[in-house]
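# Per-entry structural report
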Amino acid sequence: MAQGSSGAGASSSKAPIDSPETEILHVVIQRDGKQVSAKWGLHPNLKEELKPEELKELTEIMEKVTNLVGSRFSQILTQAEEDVSGTA
């Protein structure tokens, strides 16, 4: 994974300012009533380039990220609903 960051730094000085962006990793939080779900996805090309142990490590890290983000989002929603019901 460090290889990608060193390569990106070298090419960023030559890349045009208006170059298109490519999403390689994303996290999506969805709400259905009081149910909150968090999911993550990886660009297929990057997934193919990762070694099995790198993909396993990334999966473990992203599971932690989605749990943290999903839990925090759920807490904020609960607080917002309590504040609304308390003012009625």
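What comes next concerns the included structure. Bear in mind the structure is a predicted one, so any value in this text is a computation, not a measurement. (Residues numbered from 1 in each chain as written. Predicted model: local features only at pLDDT ≥ 70, side-chain atom pairs only at ≥ 80, totals over all residues. Heavy atoms only, no water.)

Per the secondary structure count, the protein chain includes three helices and two strands. For the protein chain, the succession of helices and strands along the chain, N to C, is α-β-β-α-α. Counting the 88 residues in the protein chain, one finds 11% classified as buried. In the form shown here, the protein chain has an accessible surface area of approximately 7300 Å², with 54% of it arising from carbon and sulfur atoms. (Helix = DSSP H or I, 4+ residues; strand = E, 2+ residues; numbered from the N terminus. Buried < 20%, exposed > 50% of the residue type's maximum accessible area, 1.4 Å probe, protein only. Areas by Shrake-Rupley, 256 points an atom, 1.4 Å probe, with all protein chains shown as cover.)

Turning our eyes to something else, we now look at the pattern of salt bridges. The tally for this structure, following the rule as stated, stands at one salt bridge. One salt bridge in this structure joins E81 and R31, with 2.6 Å as the shortest N-O distance. Taken together, the positions of E81 in helix α3 (residues 52-87) and R31 in strand β1 (residues 25-32) put the pair 50 residues apart, joining distant regions of the chain. Residue E81 is classed as partly exposed on the basis of its relative accessible area of 31%. Here R31 falls in the partly exposed class, since its relative accessible area comes to 46%. (Salt bridge = Lys/Arg side-chain N within 4 Å of Asp/Glu carboxyl O.)

Before going further, it helps to spend a moment on a nonpolar patch on the surface. On the surface, a cluster of nonpolar side chains totalling about 250 Å² of accessible area is made up of V27, L68 and V69. Residue position: V69 is located in helix α3. (Patch = residues over 30% accessible without salt bridge, like charges linked within 9 Å, V, L, I, M, F, W, Y side chains within 5 Å.)

As for its placement among the helices and strands, T66 is situated in helix α3. There is a polar contact of 3.1 Å between the side chain of T66 and the backbone oxygen of E63. Those residues in contact with T66 that lie beyond four places of it in its chain are V27, A38, K39 and W40. (Polar contact = N/O pair within 3.5 Å; in protein donor to acceptor, adjacent residues only side chain to side chain. Contact = heavy atoms within 4.5 Å.)

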